[in-house]
Amino acid sequence: MLANSEMSNESNSITAENRPKPLSGIRILDLSNVLAGPLGTYILALLGAEIIKIERPGSGDLSRKMGANADYGRKSMGVSYLATNSNKKSITLNLQTEEGRTLFRELVKTADAVFENFRPGTMDRLGLSYEALSQLKPDLVYCAVSGFGRSGPLAKRAAYDQIIQGYSGLMSLTGTPETAPTRVGVVVCDASSAITAGLATLAALVRSRSTGIGALIDVSMLESTLHMAAWIVSNYLNANHVPKPMGNENMSAAPSGTFETKDGLLNIVCNEEKQFHALCDALGRPELKTHPVFSDRHERIRSREQLRTIIAPLLMEQTAADWEDFFADRGVPAGRIYSVPEILTHPQISEREFIKELPEIPGVDGGAKVVGLGFKFDGEDLSPSTPPPVLGQHNREVLAEVGVCEDRLLALKDAGVI
């Protein structure tokens, strides 16, 4: 064990440029496809884990065919695939063959974790269940993502993001009373499941490294979504409040919602009393702070429409941009509504280098742009550094580790194993 002075000297010599990434040395076999799985392993890949993407020979991840550019899809480098597969390796392995399963078992012995999003029971039928694989590697972390989890009456059902949006109650709350139920515009259930799976995998890896105890992680998309909706769920469970669609209003505060201005829309959220007071002062209506109906938070929420009729005409006097800056200087949370193209070119995004350009991607003319992580990590560069791999790009490199020589590699390809 290093003495304190030695540890201090060693620590001082490490800079943001040369320190290892947080998950350096972690190897994860990734059998997942489309989004809930690949987004989870993408997070882990950017944090430094070695992600070996194991795909079906000839076709690979379905997302390779998906996205708004059909030409990229025909080349198995679909725009959807580009979004979440940088910093990964790709090998092809046909798990329907005995030889493919044997090779997978050999790879498991070299790995720290397995990550999959098949329908529950699929890996069991292949003889590759957690119970079977943990016999080969007792400290193995095995993360399984599915629509409803591995147990319960819906366990064997197939599920996509929109199915879970409907089941979770999310669609029933999205839109106005006239337009709901409405699908949320992004695949929020896939995304919440991916983050849940990534977090659970990290926790299990920490324990595995310190104790040698493996883990089977059973991630439910439905439960991940309900967990994300904890406030709404708590209001029903503990106050018997049945949630209803409210459009752009906020059930927790008033005034909170979307308001018209001289040239566009503006979101205003006054969660705290001091924010409401600041808004009243900014609009030149300080008497509203002590108004019998508006001075109490709960009464103000019940009277939100009455309050809106007072402040809405005032907001029509200036532009959304002017109001946003004006309110920001006075402690009132407010912001314009941006389109996706608009926010991606905003100085806030560019200054933090959230978008990373990958100039050389096989089959993609002119390279591609991908998103990084939603956080900074102590000044380190955790942005994507290698492009999404071509299908089977790393067959030779990875399979050589388990004794597959060049002649056998060709034979495996001829037999449809890789």
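Structure first, text after, so check above.
Residues numbered from 1 in each chain as written. Predicted model: local features only at pLDDT ≥ 70, side-chain atom pairs only at ≥ 80, totals over all residues. Heavy atoms only, no water.

1. Examining helix 15 (residues 304-315)
For step 1, the next point in the chain: With 12 residues, helix 15 should cover 16 Å at 1.5 Å per step; its first-to-last C-alpha distance of 16 Å lies within 8% of that length.
For step 2, the next point in the chain: When helix 15 is considered as a whole, its buried residues turn out to be Arg304, Leu307, Ile311, Leu314 and Leu315. One face of helix 15 carries all of its buried residues, which in axial projection span an arc of 90 degrees.
For step 3, the next point in the chain: Along its buried surface, helix 15 packs onto strand 7 (256-260), strand 8 (265-269), helix 13 (273-282), helix 14 (297-302) and helix 16 (320-328). (Helix = DSSP H or I, 4+ residues; strand = E, 2+ residues; numbered from the N terminus. Expected span 1.5 Å × (residues − 1). Buried < 20%, exposed > 50% of the residue type's maximum accessible area, 1.4 Å probe, protein only. Arc of directions from axis to C-beta. Contact = heavy atoms within 4.5 Å.)

2. With respect to the sheet that holds strand 8
For step 1, the next point in the chain: Pairing in this open sheet of three strands is antiparallel, and the strands run 7-8-9 from one edge to the other. The open sheet has two free edges, formed respectively by strand 7 and strand 9 (334-336), since each of these has just one partner strand. Across the sheet, the mean angle separating the axes of adjacent strands is 25 degrees when strand polarity is ignored.
For step 2, the next point in the chain: Of the pairings in the sheet, the one linking strand 7 to strand 8 comprises five bridges and is antiparallel in character. From the neighbouring strand, Glu260 faces strand 8, where its bridge partner is Leu265.
For step 3, the next point in the chain: Lying on the sheet, helix 15 is in contact with strand 7 and strand 8; it crosses strand 7 at an angle near 35 degrees. (Pairing = 2+ DSSP bridges. Axes fitted to C-alpha atoms, helices over the stretch in contact; angles between N-to-C directions.)

3. Some points on unusual backbone geometry
For step 1, the next point in the chain: Cis geometry is found at the peptide bond from Ala180 to Pro181, where omega equals 0 degrees.
For step 2, the next point in the chain: Within the secondary structure, Pro181 is located in the loop between helix 9 (170-173) and helix 10 (188-211).
For step 3, the next point in the chain: Positive phi, close to 70 degrees, is recorded for Val34, a residue that is not glycine.
For step 4, the next point in the chain: Structurally, Val34 can be placed in the loop between strand 1 (27-30) and helix 2 (36-46).
For step 5, the next point in the chain: Residue classification places Val34 among the partly exposed residues on the basis of a relative accessible area of 22%.
For step 6, the next point in the chain: Positive phi values are uncommon outside glycine, yet Asn240 reaches one of about 55 degrees.
For step 7, the next point in the chain: Looking at the secondary structure, you find Asn240 in the loop between helix 12 (230-239) and strand 7.

4. Notes on the environment of Tyr167
For step 1, the next point in the chain: By the element assignment, Tyr167 lies in helix 8 (residues 161-167).
For step 2, the next point in the chain: Measuring from C-alpha to C-alpha, the distance between Tyr167 and Thr225 comes to 9.8 Å, with 58 residues separating the pair along the chain.
For step 3, the next point in the chain: Within the local environment of Tyr167, its side chain forms a polar contact with the side chain of Arg157, the two groups lying 3.2 Å apart. (Polar contact = N/O pair within 3.5 Å; in protein donor to acceptor, adjacent residues only side chain to side chain.)

5. Overview of the pairing of strand 11 (residues 368-371)
For step 1, the next point in the chain: The alternating pattern of strand 11 places Ala368 and Val370 on a buried face, while none of Lys369 and Val371, on the opposite face, is buried.
For step 2, the next point in the chain: Judged from the four bridges that link them, strand 10 (residues 355-358) and strand 11 form a sheet pairing that is antiparallel. Its bridge partner being in strand 11, Ile355 is matched across the sheet by Val371.

6. Description of the pattern of salt bridges
For step 1, the next point in the chain: Taken as a whole and judged by the stated rule, the model has 25 salt bridges.
For step 2, the next point in the chain: Salt-bridge contacts for Glu401 lead to Arg27; the nearest nitrogen and oxygen are separated by 2.8 Å. One end of the pair, Glu401, is in the loop between helix 19 (395-399) and helix 20 (406-414); the other, Arg27, is in strand 1, with 374 residues separating them in the sequence.
For step 3, the next point in the chain: Look at Glu401 and you get partly exposed, because its relative accessible area is 45%.
For step 4, the next point in the chain: On the accessibility criterion, Arg27 (7% relative accessible area) is buried.
For step 5, the next point in the chain: Residue Asp112 is joined to Arg209 by a salt bridge in which the shortest nitrogen-to-oxygen separation is 3.4 Å. Of this pair, Asp112 sits in the loop between helix 5 (98-108) and strand 4 (113-116) while Arg209 sits in helix 10, placing them 97 residues apart in sequence.
For step 6, the next point in the chain: Each of Arg27, Glu50, Lys89, Glu397 and Glu401 takes part in one network of salt bridges that share partners. (Salt bridge = Lys/Arg side-chain N within 4 Å of Asp/Glu carboxyl O.)

7. Structural notes on a nonpolar patch on the surface
For step 1, the next point in the chain: A surface patch of nonpolar side chains, about 450 Å² in accessible area, is lined by Tyr338, Val340, Ile343, Leu344, Ile355 and Val371.
For step 2, the next point in the chain: It is helix 17 (residues 340-344) that provides the largest number of residues to the nonpolar patch, a total of three residues.
For step 3, the next point in the chain: Take Val340: it is sitting in helix 17.
For step 4, the next point in the chain: The class for Val340 is exposed, based on a relative accessible area of 57%. (Patch = residues over 30% accessible without salt bridge, like charges linked within 9 Å, V, L, I, M, F, W, Y side chains within 5 Å. Areas by Shrake-Rupley, 256 points an atom, 1.4 Å probe, with all protein chains shown as cover.)

8. Quick notes on the side chain of Thr261
For step 1, the next point in the chain: The residue Thr261 is located in the loop between strand 7 and strand 8 in this model.
For step 2, the next point in the chain: A polar contact is formed between the side chain of Thr261 and the backbone nitrogen of Ala320, at a distance of 3.1 Å.
For step 3, the next point in the chain: Each residue touching Thr261, except ones within four places of it in the same chain, is listed here: Leu266, Leu315, Met316, Gln318, Thr319, Ala320 and Trp323.

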